[in-house]
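Structure at a glance
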Amino acid sequence: MRFALELALLAGVAWCAWAAARGYWWRWPALGLAPVAVGVAWGAWLSPRAPHRPAEPARVVIEVLLFGGVGGWLWWHGHPWLGVALAGTWALDRAVIERSSSRPV
């Protein structure tokens with residue numbers, strides 16, 4: 001589920017880059033480069049095997065900014081259900097992660 005959510009984030013970033021670059025020559029490069037940049041950052045800092053993983057509160061703040069930002073952008077630009085679905089699914093996933101990590105073994 002988490003991987004599908006990350007792919008949805010990258011698709012949302014691509015859509016946001018495409019919409020933001022409307023009418024400019026760099027629309028196509030933005031469509032490709034924005035999700036690559038977010039994917040590289042995710043792999044470097046947020047993935048479970050990231051070499052430079054920040055502490056849990058900082059990681060959650062970064063995820064809130066990413067998922068909330070893309071969800072808000074989608075909402076603002078005429079796709080409210082997609083924005084709510086992305087941000088809401090992330091919040092549910094985060095709650096499940098927190099609950100499973102706080103269980104005694």
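All figures in this text were calculated on a predicted structure; none of them were measured in a lab. (Residues numbered from 1 in each chain as written. Predicted model: local features only at pLDDT ≥ 70, side-chain atom pairs only at ≥ 80, totals over all residues. Heavy atoms only, no water.)

1. Quick word on the nonpolar core
- Membership of the largest hydrophobic core is limited to 12 residues, which are Leu5, Leu9, Val13, Cys16, Val38, Trp42, Leu46, Phe67, Val70, Leu74, Leu86 and Trp90.
- Elements supplying a minimum of two residues to this core: helix 1 (2-20), helix 2 (27-46), helix 3 (56-76) and helix 4 (80-102).
- Here this core takes four residues from helix 1, the largest share from any one element. (Core = buried A, V, L, I, M, F, W, Y, C linked by side-chain atoms within 4.5 Å. Buried < 20%, exposed > 50% of the residue type's maximum accessible area, 1.4 Å probe, protein only. Helix = DSSP H or I, 4+ residues; strand = E, 2+ residues; numbered from the N terminus.)

2. What about the environment of Gly72?
- If you trace the backbone, Gly72 turns up in helix 3.
- Look at Gly72 and you get partly exposed, because its relative accessible area is 37%.
- In this structure, the C-alpha to C-alpha distance between Gly72 and Leu86, residues 14 residues apart in sequence, is 9.5 Å.

3. What about the pattern of salt bridges?
- Applying the stated rule across the entire model yields seven salt bridges.
- Between Glu98 and Arg94 there is a salt bridge, with its nearest N and O atoms 3.0 Å apart. In this pair, Glu98 and Arg94 are both assigned in helix 4, four residues apart and thus about one turn of the helix distant.
- A relative accessible area of 36% places Glu98 in the partly exposed class.
- A network of salt bridges, in which partner residues are shared, links Arg2, Glu6, Glu56, Arg59, Glu63, Asp93, Arg94 and Glu98. (Salt bridge = Lys/Arg side-chain N within 4 Å of Asp/Glu carboxyl O.)

4. Looking at helix 4
- Its 23 residues give helix 4 an end-to-end C-alpha distance of 33 Å, which sits within 8% of 33 Å, the value for a rise of 1.5 Å per residue.
- Where helix 4 is buried, its residues touch helix 1 and helix 3. (Expected span 1.5 Å × (residues − 1). Contact = heavy atoms within 4.5 Å.)

5. Some details on helix 3
- Its 21 residues give helix 3 an end-to-end C-alpha distance of 29 Å, which sits within 8% of 30 Å, the value for a rise of 1.5 Å per residue.
- Among the residues making up helix 3, those that are buried are Arg59, Glu63, Phe67, Val70, Gly71 and Leu74. All buried residues of helix 3 lie within an arc of 95° about the axis, which places them on one face of the element. Seen from the buried face of helix 3, the exposed residues on the opposite side, beyond 90 degrees, are Pro57, Leu65, Trp75 and Trp76. (Arc of directions from axis to C-beta.)

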